[in-house]
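Geometric and topological summary
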Amino acid sequence: MTANLLDFDLEGLAAFCGSLGEKRFRAVQLYRWMHQKGQADFEQMSDLAKSLRSKLAGVAEVRGLPVISEHVSADGTVKWLFDVGAGNAVEAVFIPEVDRGTLCVSSQAGCAVGCRFCSTGHQGFSRNLSTGEIVAQLWFAEHRMRKQLGLAAGERAIDNVVMMGMGEPLQNYDALVPALRTMLSDHAYGLSRRRVTVSTSGLTRMIDRLREDCPVALAVSLHAPNDALRDALVPLNRKHPIDELLDACVRYLPAAPRDFITFEYCMLDGVNDTPELAQQLVRLVQGRVPCKFNLIPFNPFPASGLTRSPHERVLAFARVLQDAGIVTTIRKTRGDDIDAACGQLAGEVQ
Ligand code: SAH
Ligand code: SF4
């Protein structure tokens, strides 16, 4: 099979071009054509040497993902379902904000962690996405939204990427890191490190590696203030308990682009949403990890057997954290009408 150029970060592309006898600046040109202009056709890359264009034609391509469907929500949220073969599909979600927008990107087809409240987790694990398949979601969405929004050349549609789609990004580490590098590269999407977020259920050794290799913003899915409860919600906690996780967060901070960790906490009715648990949470993190909390209203799906905490209980929970001086936000759910919210990304194709 021909090489997919979306699989390469700039260094990888330079090495690939080197193997064709081409200089590094040719790789930069090519990288810019693909990512900044969204061009997939080598013949259209007008300032690329003709000799390189014909060399590439035989051995490489810019292979995006086939789009199965596009759903646009009343609030402007857009969800795409991409075909990744063998009956598997993954989703990406564009969330418009006042100016520009956020893209929620998938890292795996399915997920092996199996969190109780997550529909991707209930689906089980199919396979890791390649770097090219992760990047293809941004490549497609950025250029699609530029057209859709009628943006001028040079204006970008997406200035924020969150690895909060399907899958556990740190369980697909080797494919993730080059994808992050392409998101960050000034010759590609030029996103700031603070605006690329890896969300993880808590693979502590991989948090350490990310700190060394590519420290972007970190969000940690906590969901419980003690191991007994977290064991039941996030099975990975039995291997990597909360103490170990918080230590990894503390080690991450000096390298992180922000001076806090974001803790995500999915609010489950009668399970993890009492004021006592909020107090426990305060005692757990205060004076230990500089952090912010993001409370996520649970997005129910039948197989979970769980329900969403009433809004007043979410507010009361937030108040306990805020009274302790911890910045706490309640996530607005977007794209409800098209099932585009967190944890609703099922991705099956019938
Ligand atoms: N695997 C990573 C990233 C993908 S999930 C992680 O777990 O962090 C992204 C976020 O959505 C996580 O915080 C996750 O806990 C949350 N989530 C999963 N299912 C959800 C649901 N049904 N309702 C609300 N949030 C959910
Ligand atoms: Fe996997 Fe994250 Fe879903 Fe847990 S919440 S099953 S880690 S995708």
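Along each chain, residues carry numbers from 1 onward, in the same order as the chain's sequence is written. Here every chain gets a letter starting at A, and every ligand a number starting at 1, in the order they are written. Selection of residues for local features in this predicted model requires a pLDDT of at least 70, selection of side-chain atom pairs for listing and counting requires 80 or more, and totals for whole chains, interfaces and linings are taken over all residues. Excluded from the side-chain calculations are hydrogens and water; all other atoms, namely the structure's heavy atoms, are used.

A short note on the overall build of the protein chain
Helix and strand labels come from DSSP, where a helix needs a run of H or I of at least four residues and a strand needs a run of E of at least two; each type is numbered from the N terminus. Helix and strand counts for the protein chain stand at 11 helices and 14 strands. Judged by the C-alpha coordinates and their principal axes, the protein chain covers about 70 × 40 × 35 Å. When accessible area is computed with a 1.4 Å probe and restricted to protein chains, residues below 20% of their type maximum are described as buried, those above 50% as exposed, and intermediate ones as partly exposed. Counting every position in the protein chain, which comprises 350 residues, the buried fraction comes to 56%. Two residues qualify as a contact provided that any one of their heavy atoms is within 4.5 Å of a heavy atom in the partner residue. For the protein chain, restricting intrachain contacts to residue pairs at least 6 apart in sequence, the fraction spanning at least 24 positions comes to 65%. Total accessible area on the protein chain stands at roughly 14,600 Å², and carbon and sulfur atoms take up 51% of it. Here the protein chain holds 38 positive side-chain charges and 40 negative ones, and the gap between their average locations is 4 Å. Here the Shrake-Rupley method, with its probe set to 1.4 Å, supplies the accessible areas, and only the displayed protein chains count as covering residues. Note on charges: Lys and Arg go in the positive column, Asp and Glu in the negative column, and His and the chain ends are not counted at all. We put the charge of a Lys on NZ, of an Arg on CZ, of an Asp on CG and of a Glu on CD.

Focus: the pairing of strand S11 (residues 217-221)
Counting buried residues in S11 gives five out of five residues, a clear majority hidden from the surface. In S11, alternate side chains face the same way, and those of Ala217, Ala219 and Ser221 on one face and Leu218 and Val220 on the other are all buried. In short, DSSP must find at least two bridges between two strands for them to pair. As defined by bridge partners, strand S10 (residues 196-200) adjoins S11 across four bridges and the pair is classed as parallel. Bridging across to S11, serine 199 finds its partner in alanine 219. Regarding the hand of the β-α-β motif, the stretch spanning S10, helix H7 (residues 204-213) and S11 is right-handed. Note: S11 against strand S12 (residues 261-267), three bridges, orientation parallel. Paired with serine 221 across the strands is glutamate 264, a residue of S12. Orient the strands so they point away from the viewer, and a crossover whose first-strand-to-second-strand path over the helix runs clockwise is right-handed.

Some thoughts on the environment of alanine 188
Note that alanine 188 resides in the loop between helix H6 (173-184) and S10. Under the relative-accessibility criterion, alanine 188 is labelled buried at 8%. C-alpha separation for the pair alanine 188 and glutamine 322, spaced 134 residues apart in sequence, amounts to 39 Å.

Regarding the sheet that holds strand S13 (residues 291-297)
Taken in spatial order, the 10 strands make up an open sheet running S3-S4-S5-S6-S9-S10-S11-S12-S13-S14, and their pairing is mixed. Bordering the open sheet on either side are strand S3 (67-72) and strand S14 (328-330), each of which pairs with just one other strand. Going across the sheet, the axis of each strand differs from the next one's by a mean of 20°, ignoring polarity. Bridge analysis of strand S9 (residues 158-163) against S10 gives three bridges, and the strand direction is parallel. Within S10, the residue paired with valine 161 across the bridge is valine 196. The strands touched by H6 within the sheet are S9 and S10, with S10 carrying the most contacts at an inclination of about 155°. Axis angles are defined between N-to-C directions and span 0 to 180 degrees, where every axis is a line fitted to C-alpha atoms and, for a helix, only to the segment in contact.

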